Amino acid sequence: MIPGISLFVFKNKVKKNGDAKIYIRFTNNRRCSYICTNITVPFKYWDVRHQRVKPSYRSANAINMLLERKLSELREQMMVKALHTRHITHKQAKSLAVKKGDVYEFRIWAKTSSQQSISFRMYDSSGKKIYAKRFKVQPGDWELLTDEFTASVTSVNCKIEIIIQDPGHSWIGAVSLMPLNNFHGMRNDVVELLKKLQPGCLRFPGGCYAEFYSWKDGLLSVDKRAPIYQTGLDFLLRDTDDTDNHEIGIDEFIALCKALGAEPIITARVSENSPHDAADWVSYCNGDLSSPWGMVRIERGYQQPFNVRWWFVGNELYSFGRGLATGIKGVSEQSILFSKAMKGVDSSINLVPCTQFGNGNISANWNSPLLNSNGQYTSAVTAHQYMLDPYPLNNKEDYSFLINSPDLVTLPMLRSIRDYIDTLQFIQGKKTGITFDEWNTRWGLKGSVPMGLYVARMLNMLCREGNKLGLSMACYFMPVNEGAIKVDPLDSKLDPAGHVFDLYKVHQRNILLKLQKHHAVDICASK
């Protein structure tokens, strides 16, 4: 299989002087890697769409010729390597695990230029073969090779091999291994823990990831969905080579929400997207027989609308907006167009524009123009906070501050947001909420005892102050392997934060009781 090759510039690695290095990006088996060319150009002269230096740059022709030569050399190397490769081997990793007695399904999409024998083999951590299957593949279009087997051992360091035994050209498009006992492609043990925590809502498809997500691709079968890659944000998909295989679509997400009894909340992509696409998504989720995309949903077997009431118009566009959604002028204009289109499909939905609140900053230069122009469509403003960004843990006193930060830092921030939006003209006589839709010590960290104590103080504060602040929701980011649920290759369990959420779930939708404030104990109660 010959991988795709392209040129790429990381937007978030642009230097202070505006210069950026050009990388060669090559994909293989829906994964990607980067090679730095050591060629630097001002980012403003980089043509993202055509992957070239813009002609207006003084050395554009010479640089573009050099880049094309480097691409040609790498293509030739990859071609030679591909034509001589007859084995594709997955490296041993803890992510590839099987449990004795469980039934698994593997799937391989392949096509060949001539009749080929393709074998799938799996080995445990000792190198012992635990499964093998051979297929005869006829030339032509892509063909799905699949089988089921019962694991004879438990192993967390397995290896797979795909062996092509006959001469000719072969292409492997996708390979997957999944326990048959799964929930729409998700692990049942993790879903059961989410049920235990009883979240009131789930936000999809995430934070920064939402600005790259293509919901219509998610309507295809999982194997046929285009992978999401080339984000240019090295922190976003850092564990999967800046690639996501798009395994959760809107239907799977709604199924999860229903299983958990959680309200679905969606962030519509604004960057390099159209208002029409966002409106189609509203139609698919909430439309009936009279709407084209509502009909598509019904034809897919979902007779009743999903009734998604809360929609975010983009995510953190002030930092990561692209295309027309760049700068406050562009974001304001796009937000109006998106909001009109989405409300035009379902006027009852709640819309949240991409305001910039966090860590005590009002950011009036961003928020005032955005809210004044989009006020008629705004049901709430959004705020994000990760405590360790401004307050890192350098000594033991910092842990005490972290645990107490919900009252010391977060509450004053939320109060300042409430005071600020109440002064804006469009708010007068209108109830506008606050969605505290991303909060944690920091994203990307594993659960810990300090995180659990921080979560307890935060939940106490939110229960006590939420009504006075006018909070519409508060979303912890995120529960799986970043505080709440620890997921290992073969099992999962609640971490300290998860146990706290489990204890606090009894307070959801309750009535707050008035208690006398204690000088040494943070108390909150409900009935």
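One key point about sheets: their strands pair by backbone hydrogen bonds, in either a parallel or an antiparallel sense. Within the open sheet, the three strands sit side by side as β10-β7-β12. Their pairing is antiparallel. Edge positions in the sheet fall to β10 (143-150) and β12 (170-179), since each of these pairs with one other strand and no more. For this sheet the average axis-to-axis angle between neighbouring strands, irrespective of direction, equals 15°. Where strand β7 (residues 103-112) lies against β12, nine bridges are found, and the strand directions are antiparallel. Across the sheet, residue Trp109 finds its bridge partner in β12, namely Ala174.

One can find Asn460 in helix α10 (residues 449-469). The contacts of Asn460, once residues within four sequence positions are left out, are Tyr504, Asp522, Ile523 and Cys524.

Our focus in this paragraph is the confidence of the model for the protein. The predicted coordinates ought not to be read in detail in places where the model reports low pLDDT. Looking at the protein, the pLDDT average stands at 88 and 93% of residues meet or exceed 70. Contacts of residues 80-86 to residues separated by more than four positions or lying in other chains number ten contacts, the stretch itself having pLDDT below 50.

Turning to the packing of aromatic side chains, a few remarks are in order. Under the counting rule described, the total for this entry stands at 27 aromatic pairs. Measuring from centroid to centroid gives 6.0 Å for Phe106 and Phe135, while their planes differ by 75°, and the two rings are edge-to-face. Note that Phe106 is positioned in strand β7 and Phe135 in strand β9 (residues 129-137), a separation of 29 residues in sequence. You'll find Phe106 and Phe135 in the same group, each marked buried. Geometrically, the ring pair formed by Trp215 and Trp293 is edge-to-face, given 5.2 Å between the ring centres and 65° between the ring planes. One end of the pair, Trp215, is in the loop between β15 (201-204) and β16 (228-229); the other, Trp293, is in helix α5 (residues 292-299), with 78 residues separating them in the sequence. Among the aromatic residues, ring-to-ring pairing joins Phe204, Tyr209, Tyr213, Trp215, Phe253, Trp281, Tyr284, Trp293, Tyr302, Phe306 and Trp311 into one connected group. Directly above the ring of Trp443 sits Arg442, whose terminal nitrogen or CZ lies 4.5 Å from the centroid.

This part covers the pattern of salt bridges. One pass over the structure, following the stated rule, counts 25 salt bridges. One salt bridge in this structure joins Arg322 and Glu272, with 3.3 Å as the shortest N-O distance. On the criterion of sequence distance, the pair formed by Arg322 in the loop between α6 (317-320) and α7 (327-345) and Glu272 in the loop between β18 (263-268) and α4 (275-286) is long-range, its members being 50 residues apart. Arg322 sits in the buried class, given a relative accessible area of 12%. The residue Asp522 makes a salt bridge to Arg457 at a minimum N-O spacing of 2.9 Å. Within this pair, whereas Asp522 is found in the segment after α11 (496-504), its partner Arg457 is found in helix α10, the two being separated by 65 residues in sequence.

This paragraph deals with the environment of Leu324. Along the polypeptide, Leu324 turns up in the loop between α6 and α7. In this structure Leu324 comes out as exposed when scored by relative accessible area, which is 64%. Along the primary structure Leu324 and Ser271 are separated by 53 residues, whereas in three dimensions their C-alpha atoms are 7.0 Å apart. Apart from the residues lying within four places of it in its own chain, the contact partners of Leu324 are Gly330, Val331 and Gln334.

Definitions and limits used
- Residues numbered from 1 in each chain as written.
- Predicted model: local features only at pLDDT ≥ 70, side-chain atom pairs only at ≥ 80, totals over all residues.
- Heavy atoms only, no water.
- Pairing = 2+ DSSP bridges.
- Helix = DSSP H or I, 4+ residues; strand = E, 2+ residues; numbered from the N terminus.
- Axes fitted to C-alpha atoms, helices over the stretch in contact; angles between N-to-C directions.
- Contact = heavy atoms within 4.5 Å.
- pLDDT = per-residue confidence, 0-100.
- Phe/Tyr/Trp six-rings, centres within 6.5 Å; stacked < 30°, edge-to-face > 60°.
- Buried < 20%, exposed > 50% of the residue type's maximum accessible area, 1.4 Å probe, protein only.
- Lys NZ or Arg CZ within 6 Å of the ring centre and 35° of its normal.
- Salt bridge = Lys/Arg side-chain N within 4 Å of Asp/Glu carboxyl O.

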